[in-house]
Structure formats: C-alpha cells, structure tokens
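# Secondary and tertiary structure notes
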Amino acid sequence: MSLLRTDGLTKQFGGLVAVDEVSFEVDSGETRAVIGPNGAGKSTLINCITGALEPTAGTVEFDGEDITDLEPHETVQAGVSKSFQTASIFPEMTVRENVEIAALASEHGSFSFDFLKRLSGFDAVHDTTDRMLESVELLGDADVEAASLPYGDKRRLEIAIALASEPDLLLMDEPTAGMSPDETAATVELVEELQDTLDLTILIVEHDMEIIFQIADRILVLNRGQVIADGTPEEVQESEEVQEAYLGG
Ligand code: ADP
Ligand code: MG
C-alpha cells in the first residue's frame, strides 16, 4: 500500500524548473531512494514534500490525505519527519533535552523549553526520548552537551530529533555527507536497524551508490528535475538513461 504519493509535483524557481512533474509513490515499510546528479532536484523534491517549499503545481498525498499545502510543522504532525537539518540541534542543551524538546514541539508547536517542561505530558516524553536515544545508540551520552558530540554522533542525534515526533515516514537528505568511512558505515547500519525496530518507512536521498544499492528497495532517478527511471536497484542499473546521466552523455 502506498503511504506517500506525489502527482505531477513541480517546483519552479523563476525560469528554472527544479522539479518537473514528478509522480512517484513510497510504499509502507519500504526504504525508497532518490538519486540523481548534482542539481537534479532531489532536495527540492524533499522540501516540497515537507512543506518547506511551496510546490508550483501538483499534489502530495500522505496516508490518504492531501498534504500539499501544509506548513512544515503540520506535515510533522501528519507523520512526516525530516532528518539532517543541522540547525535543528540546540548546541548548548544536552542530548536528552534536544530530543525532549523535539517531542514536545511536535505536539504543541514551538515554545520555550522551560514552558514545555511545565506541560503535563512531560513524563511521557521521557519514555519516548529514551527509546529514540537508545535506537540511535546515544542513550549513554544523554546528559552530554550536544555541542561536545563528535560529528557522526551529532548526525545520529539529528535522527533521534526527527524520530521524536514518532513519524511514519522519515525523510533523509544525504545523511552520510561529510562523514568518515567509519561514520558512514555506522549510519547505514543504523538506517537498516531503524527500519526494522521502529517499523519506519524511509525516503532517502544519497549520493553514494554503493549505499543506495545496499539499502534501497526501490530507486527513483531524477535528472534535470525529471524522472528518468524508477524501479528496483537492478532495473535502475540497467537503464540506459541512467547510465547516460551519470556518465554525462
Ligand atoms: P539536488 O539536491 O539534486 O542537488 P536541488 O534540489 O538542490 O538539487 O536543486 C535543483 C535545482 O534548483 C538546481 O539548479 C538549483 O540551483 C536550483 N535551486 C535549488 N534551490 C533553489 C532556490 N531556493 N532558488 C533558486 N534556485 C534553486
Ligand atoms: Mg541536494
């Protein structure tokens, strides 16, 4: 069953068509990848889904609801969460506080942390927070100041922050960018584990083809804003258009 579906999704920046009538689906429970050369429109597509960008045309449907015109905080409440926005970490707060505030903000909108702590639901948030920190293997660092985490752990904290709203669909835009080979391997392993343990559906943009072929059930290939292939890793690999796009032909 499809959890997310776009139909003719289009985003123009002035005369540039960054996303050009993209229609695709993400099935419940799958790890769906979006690949394509630099500037293909991958991030723009993701940002149109979250509501960070307003599409020029087309629709986004999630869990049977039209979410095209929702604001970012509303798509989070609907069950769509995006990881890897470095700005989402409060460096002076502890690891635990960062996840707690994300959990509370997803329910109540954004207020000050002190205000949120006084809300009655705060104890329940502790449980969610611990579960999410455990799932990204940061529970041992829960009381550490976020700023002091090594780079790879900061990215894991970003995943925990994205998970704090208990989404059905997790969006990730190049999660291994800037990571060392060890951090990359750990992140790939983490993504695979999350899908199993949290029953998550994942939509991931990733430039590392090896990773994509390891974790994706199906791959959408964009070039200059348009879909040039969509299918299993094997199907996509055989596509002549894909080979041309990547070889610059
Ligand atoms: P990708 O993530 O696949 O590398 P992007 O979605 O970031 O590609 O960009 C697609 C195209 O849209 C590029 O040509 C880029 O320069 C352009 N673009 C992206 N964001 C904006 C923006 N806010 N204003 C104008 N042009 C943009
Ligand atoms: Mg991008």
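Note that the structure is predicted; figures quoted are calculated from it, not measured.

### Some words on the overall build of the chain
Counting secondary structure elements, the chain contains 10 helices and 10 strands. A compact globule built from 249 residues should have a C-alpha radius of gyration of about 18 Å, and the chain, at 18 Å, falls within 12% of that. A principal-axis box enclosing the C-alpha atoms of the chain has dimensions of 55 × 40 × 35 Å. Counting every position in the chain, which comprises 249 residues, the buried fraction comes to 39%. Within the chain, counting contacts between residues at least 6 apart in sequence, those at least 24 apart form 67% of the total.

### What to know about the domain arrangement of the chain
Its domain assignment divides the chain into domain 1 (1-79 + 168-178 + 185-249) and domain 2 (85-166). Relative placement of domain 1 and domain 2: their C-alpha centres are 25 Å apart. With 12 residues of domain 1 at the interface, the matching set in domain 2 holds 10 residues. Contributing elements (two or more residues each) for the side of domain 1 that touches domain 2: helix 2 (72-78) and helix 7 (181-198). Here the element with the most residues in the side of domain 1 that touches domain 2 is helix 7; it accounts for six residues. In the side of domain 1 that touches domain 2, the residues fall into seven nonpolar, five polar and no charged.

### Comments concerning the site of ligand 1
Every residue close to ligand 1 is listed here: Phe 13, Leu 16, Ala 18, Gly 36, Asn 38, Gly 39, Ala 40, Gly 41, Lys 42, Ser 43 and Thr 44. Broken down by secondary-structure element, the contributors of at least two residues to the shell around ligand 1 are strand 2 (16-27) and helix 1 (42-50). Here the shell around ligand 1 takes three residues from helix 1, the largest share from any one element. Classifying every residue of the shell around ligand 1 gives four nonpolar, six polar and one charged.

### A look at the environment of Asp 230
Checked against the element boundaries, Asp 230 lands in strand 10 (residues 226-231). Between the C-alpha atoms of Asp 230 and Val 34, which are 196 residues apart in sequence, the distance is 9.2 Å. Asp 230 has contacts with Phe 24, Leu 220 and Val 221, leaving out every residue within four places of it along the chain.

### Topic: the pairing of strand 7 (residues 169-173)
Strand 7 sits mainly inside the fold: five of its five residues count as buried. On strand 7, burial covers both faces: Leu 169, Leu 171 and Asp 173 on one face and Leu 170 and Met 172 on the other are all buried. Note: strand 7 against strand 8 (residues 201-205), five bridges, orientation parallel. Within strand 8, the position partnered with Asp 173 by the bridge is Val 205. What joins strand 7 to strand 8 is helix 7, and the crossover it makes is right-handed.

### Some words on helix 1
With respect to burial, helix 1 is a largely interior element, eight of its nine residues being buried. Turning to helix 1, its buried residues are Lys 42, Thr 44, Leu 45, Ile 46, Asn 47, Cys 48, Ile 49 and Thr 50.

### Observations concerning the pairing of strand 4 (residues 57-62)
Relative to strand 4, strand 1 (residues 2-13) runs antiparallel, the two being bridged by five bridges. Looking at the pairing, Arg 5 lines up with Glu 61 of strand 4. Here strand 4 pairs with strand 5 (residues 65-66) via two bridges, running antiparallel. Bridge pairing in strand 5 links Glu 61 to Asp 66. The antiparallel pairing of strand 4 with strand 5 creates a hairpin that spans two residues between the two strands, and Asp 63 there sits at a positive phi of about 55°.

Calculation notes
- Residues numbered from 1 in each chain as written.
- Chains lettered and ligands numbered in written order.
- Predicted model: local features only at pLDDT ≥ 70, side-chain atom pairs only at ≥ 80, totals over all residues.
- Helix = DSSP H or I, 4+ residues; strand = E, 2+ residues; numbered from the N terminus.
- Rg over C-alpha atoms; globule rule 2.2 N^0.38 Å.
- Buried ≥ 20, exposed ≤ 12 C-beta atoms within 10 Å, placed from the backbone.
- Contact = placed C-beta atoms within 7 Å.
- Domains from an automatic or database assignment.
- Nonpolar A, V, L, I, M, F, W, Y, C, P; charged D, E, K, R; others polar.
- Near = placed C-beta within 6 Å.
- Pairing = 2+ DSSP bridges.
- Right-handed = clockwise from strand over helix to strand, strands pointing away.

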